[in-house]
Amino acid sequence: MKTTSEDYALGGGEARVWNNPQQILDDLTDAGLTKQRWFSFQRIVNDAEVFGETAAVEVTFVDKANSRGYRTKFGLHMVNDRWKIYSFKTVQSEK
């Protein structure tokens, strides 16, 4: 596994620019392009480590078309009885 140095904003061939935090949130949720791209991959959710109101879970996104896997560690915290993501780091598997 290696930390990827590819710039996600350039991944589509044309630079993607966000002008405010709401545009970033829109891209990551609902019908946003980033959400659509990541959710098009097979997802493997591993066991969560829960520490009271915080947790960590590793999720692997599998890009079968390009024989790649992206292992992501999500940091979660409880807000109004729901888990919310507050951090993540992605590591790309070697080919």
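Residues numbered from 1 in each chain as written. Predicted model: local features only at pLDDT ≥ 70, side-chain atom pairs only at ≥ 80, totals over all residues. Heavy atoms only, no water.

### Brief notes about the packing of aromatic side chains
Now for step 1: Tallied over the entire structure, the rule returns 5 aromatic pairs.
Now for step 2: Relative to Phe41, the ring of Trp38 has its centre 5.8 Å away and its plane inclined at 90°; by these criteria the two rings are edge-to-face.
Now for step 3: Owing to a relative accessible area of 18%, Phe41 belongs among the buried residues under this scheme.
Now for step 4: Measuring from ring centre to ring centre gives 4.9 Å for Trp38 and Phe61, while their planes differ by 70°; the resulting arrangement is edge-to-face. Placement of Trp38 in helix α2 (residues 33-39) and of Phe61 in strand β3 (residues 54-63) is noted, with a sequence separation of 23 residues between them. Comparing Trp38 with Phe61 shows no difference in burial state: the two are buried.
Now for step 5: Counting every residue linked through ring pairs, the aromatic cluster contains Trp38, Phe41, Phe61 and Tyr70. (Phe/Tyr/Trp six-rings, centres within 6.5 Å; stacked < 30°, edge-to-face > 60°. Buried < 20%, exposed > 50% of the residue type's maximum accessible area, 1.4 Å probe, protein only. Helix = DSSP H or I, 4+ residues; strand = E, 2+ residues; numbered from the N terminus.)

### A closer look at the pattern of salt bridges
Now for step 1: Taken as a whole and judged by the stated rule, the model has 2 salt bridges.
Now for step 2: Between Lys73 and Glu49 there is a salt bridge, with its nearest N and O atoms 3.7 Å apart. Here Glu49 lies in strand β2 (residues 42-51) and Lys73 lies in strand β4 (residues 68-79), a separation of 24 residues in the sequence.
Now for step 3: According to the relative accessible area criterion, Glu49 is partly exposed, its value standing at 40%.
Now for step 4: Among the ionic pairs, Glu58 bridges to Arg71, the shortest N-O distance being 3.5 Å. Residue Glu58 is found in strand β3, and its partner Arg71 is found in strand β4; the two are separated by 13 residues along the sequence.
Now for step 5: Of the residues examined, Glu58 reaches a relative accessible area of 26% and is grouped as partly exposed. (Salt bridge = Lys/Arg side-chain N within 4 Å of Asp/Glu carboxyl O.)

### Some words on the nonpolar core
Now for step 1: Listed in full, the 9 residues of the largest apolar core are Trp38, Phe41, Ala55, Val57, Val59, Phe61, Tyr70, Phe74 and Leu76.
Now for step 2: If you list the elements that add at least two residues to this core, you get β3 and β4.
Now for step 3: Per-element accounting of this core gives the leading share, 4 residues, to β3.
Now for step 4: Each residue touching Phe74, except ones within four places of it in the same chain, is listed here: Ala55, Ala56, Val57, Val59, Phe61, Ile85, Ser87 and Phe88. (Core = buried A, V, L, I, M, F, W, Y, C linked by side-chain atoms within 4.5 Å. Contact = heavy atoms within 4.5 Å.)

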